[in-house]
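Okay, here's what each chain looks like letter by letter:
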Amino acid sequence: MKKTITLLCSCIQFFVFGQTKTPEELGFRHITYTYQGDVVDVIVKSKKGEENQPKPLFFFCQGSLPDPTIKYLGDRVLVFPFDMEIYAEQYHLVIVGKPGSPLVLDLAPFAPSYQFRQAGEKVPQAYTDRNYLSYYVERNIEVLQALAQEEWVSSDQLVVAGHSEGSTIGAKMALLYPEITHLIYSGGNPMGRIMSIITEYRYGETEADQRAEHMFDHWQWILDNKESVTDERGDSPRATYEFSEPSFDVLEQLKIPVLVTYGSKDWSAPFNDYLHLEALRKGWTNFTFKAYIGTEHNFFPVNEQYVPDHKVRNWPKVATDWLTWLTVNGE
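Rules used throughout
- Residues numbered from 1 in each chain as written.
- Predicted model: local features only at pLDDT ≥ 70, side-chain atom pairs only at ≥ 80, totals over all residues.
- Heavy atoms only, no water.
- Axes fitted to C-alpha atoms, helices over the stretch in contact; angles between N-to-C directions.
- Helix = DSSP H or I, 4+ residues; strand = E, 2+ residues; numbered from the N terminus.
- Parallel < 35°, antiparallel > 145°, perpendicular 65-115°, else oblique.
- Contact = heavy atoms within 4.5 Å.
- Nonpolar A, V, L, I, M, F, W, Y, C, P; charged D, E, K, R; others polar.
- Phe/Tyr/Trp six-rings, centres within 6.5 Å; stacked < 30°, edge-to-face > 60°.
- Lys NZ or Arg CZ within 6 Å of the ring centre and 35° of its normal.
- Pairing = 2+ DSSP bridges.
- Core = buried A, V, L, I, M, F, W, Y, C linked by side-chain atoms within 4.5 Å.
- Buried < 20%, exposed > 50% of the residue type's maximum accessible area, 1.4 Å probe, protein only.
- Left-handed = near helix turned anticlockwise from the far one by under 90°.
- Salt bridge = Lys/Arg side-chain N within 4 Å of Asp/Glu carboxyl O.

Visitor: An account of the packing of helix α6 (residues 211–224) against helix α7 (residues 237–244) is needed here, citing residue identities and associated values.
Guide: Packing of α6 against α7 leaves a shortest axis separation of 9 Å and a crossing angle of 105°. Overall, the two elements α6 and α7 adopt an arrangement that is roughly perpendicular. Seen from α6, the contacting residues are Trp 219, Trp 221, Ile 222 and Leu 223; seen from α7, they are Pro 237, Thr 240, Tyr 241 and Ser 244. Broken down by class, the residue content of the contact of α6 with α7 amounts to six nonpolar, two polar and no charged.

As structure tokens, this is what we get:
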């Protein structure tokens, strides 16, 4: 993979407002590579003044949706769901942009809702064409291989963390790229995406609205079209098929330290509980599990109707727990 200065011009076509600040102005290093003819935007966050000091990488695989990589509102910068500074002491943090999506977006024009994409608005075709598991996994591994050549990257440790959809990506990366030393599997479903959808639909299902039952017909449609990247029903059949392949089989093969974190009220919680039971039964001593009681997919507490309280953020605690685990399992 070669560095390039080519810009992905189509990445801002579906937004009304263009970016107003560069990653460098917001305190990030911006590196571009090419993969299968695509420009790949890589964002690196380092401790100020230690950008060239050799440190291991903390590579974060974000969740679904073609969101901009860096969003900012005034002095507030949103990239990772946790405090970047506490990780920058020990690591260079890395995140890769979504295909066909803006790299940077100023949220100010979209206040107070911050909904920069209208409901029902078609996502960029460049995103739809590449939004599937094998593309992300292979691309990310090539990015890691390229970064490993940089003098500021230490080979002492290589941490991959993924949340939601990113957990599935991270797990497959850890299986295929032996240089990865630690995996954080967060908010994932080891039985695959389709099981999370069915479980959620079962919660509110009625005789008159049998959404979960209808998902089996949808799944058959997915199977019949699993190579297609059309987006007639949301994510393409290929995306849904690949992200629905159980990660359980992948996780079972890993010998590196693995931390599994999830909200106990997440739709995927029963399947992570099952993974925990099997890890104990089979003696997987490299696994650590942490359930955040009473919280949903993004660790917000929920009431009896599963309505999240967005005023209570538990990501700071989750991020601290990740770092503590890495310290304990550092070697």
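That shown, we press on.
Visitor: Go over the packing of aromatic side chains, please, and point to the residues and values.
Guide: Two aromatic rings are characterised by how far apart their centres lie and by the angle between their planes. For the structure shown, the criterion picks out 22 aromatic pairs. Ring pairs connect the aromatic residues Phe 58, Phe 60, Phe 80, Phe 82, Tyr 87, Tyr 91, Tyr 292, Phe 299, Trp 315 and Trp 322, which therefore count as one cluster. We note Arg 29 situated over the ring of Trp 152; from NZ or CZ to the ring centre the distance is 3.9 Å. Directly above the aromatic system of Phe 28 lies the positively charged group of Lys 45, at a separation of 5.4 Å from the ring centroid.

Visitor: Talk me through the sheet that holds strand β7 (residues 104–106); I want residue IDs and the actual numbers.
Guide: Within the open sheet, the three strands sit side by side as β5-β4-β7. Their pairing is mixed. With one partner strand each, in any of the chains shown, β5 (76–78) and β7 form the two edges of the open sheet. Neighbouring strand axes in the sheet, compared pairwise and without regard to direction, differ in orientation by 20° on average. Both strand β4 (residues 70–73) and β7 contribute to a ladder of three bridges, which runs parallel. Across the sheet, residue Lys 71 finds its bridge partner in β7, namely Leu 105.

Visitor: Talk me through the nonpolar core; I want residue IDs and the actual numbers.
Guide: Here is a general trend for soluble globular proteins: nonpolar side chains tend to be buried in one another's company. If you look at the biggest cluster of nonpolar residues, it comprises 49 residues, and the most contacted ones within it are Val 42, Phe 59, Leu 147, Met 173, Ile 180 and Leu 183. The element best represented in this core is helix α3 (residues 133–147), accounting for nine residues. Core analysis: the second largest hydrophobic core is formed by 31 residues, Phe 28, Tyr 72, Tyr 87 and Trp 315 among them.

Visitor: With reference to specific residues and values, describe the sheet that holds strand β3 (residues 55–61).
Guide: The strand order across the open sheet built from eight strands is β1-β2-β6-β3-β8-β9-β10-β11, with neighbouring strands paired in mixed fashion. Each edge of the open sheet is held by one strand with a lone partner, namely β1 (29–35) and β11 (287–292). On average, each strand axis in the sheet is tilted by 20° relative to the strand beside it, whichever way the strands run. Pairing geometry for strand β9 (residues 182–186) and strand β10 (residues 258–263), over four bridges, is parallel. By the bridge assignment for β10, Ser 186 is matched with Thr 261. Lying over the sheet, helix α9 (residues 269–282) contacts β9, β10 and β11, oriented at roughly 145° with respect to β10.

Visitor: Lay out the packing of α3 against helix α4 (residues 165–176) with the relevant residues and their values.
Guide: Following both chains from N to C, one finds α3 and α4 inclined at 55°, their axes separated by 9 Å at the closest point. By the angle class used here, α3 and α4 are oblique. For the crossing formed where α3 meets α4, the hand is right-handed. Contact residues: Leu 133, Tyr 136, Val 137, Asn 140, Ile 141 and Leu 144 in α3; Glu 165, Thr 168, Ile 169, Lys 172, Met 173 and Leu 176 in α4. Here the residues of the contact of α3 with α4 sort into eight nonpolar, two polar and two charged.

Visitor: Explain the pattern of salt bridges to me, and be specific about the residues and the numbers.
Guide: One side chain can pair with another of opposite charge once the charged atoms of both are near each other. Applying the stated criterion across every chain yields a total of 15 salt bridges. A salt bridge links Arg 193 to Glu 165, with the nearest nitrogen and oxygen atoms 2.5 Å apart. Taken together, the residues span a long stretch of sequence, with Arg 193 in helix α5 (residues 193–203) and Glu 165 in helix α4 at a distance of 28 residues. For the pair formed by Arg 193 and Glu 165, the shared burial category is buried. The salt bridge partner of Arg 202 is Glu 205, with a shortest N-O separation of 2.8 Å. Judged by its relative accessible area of 37%, Arg 202 falls in the partly exposed class. By relative accessible area, Glu 205 is classed as partly exposed at 21%. Among the charged side chains, a salt-bridge network with shared partners connects Lys 47, Glu 50, Lys 55 and Glu 89.

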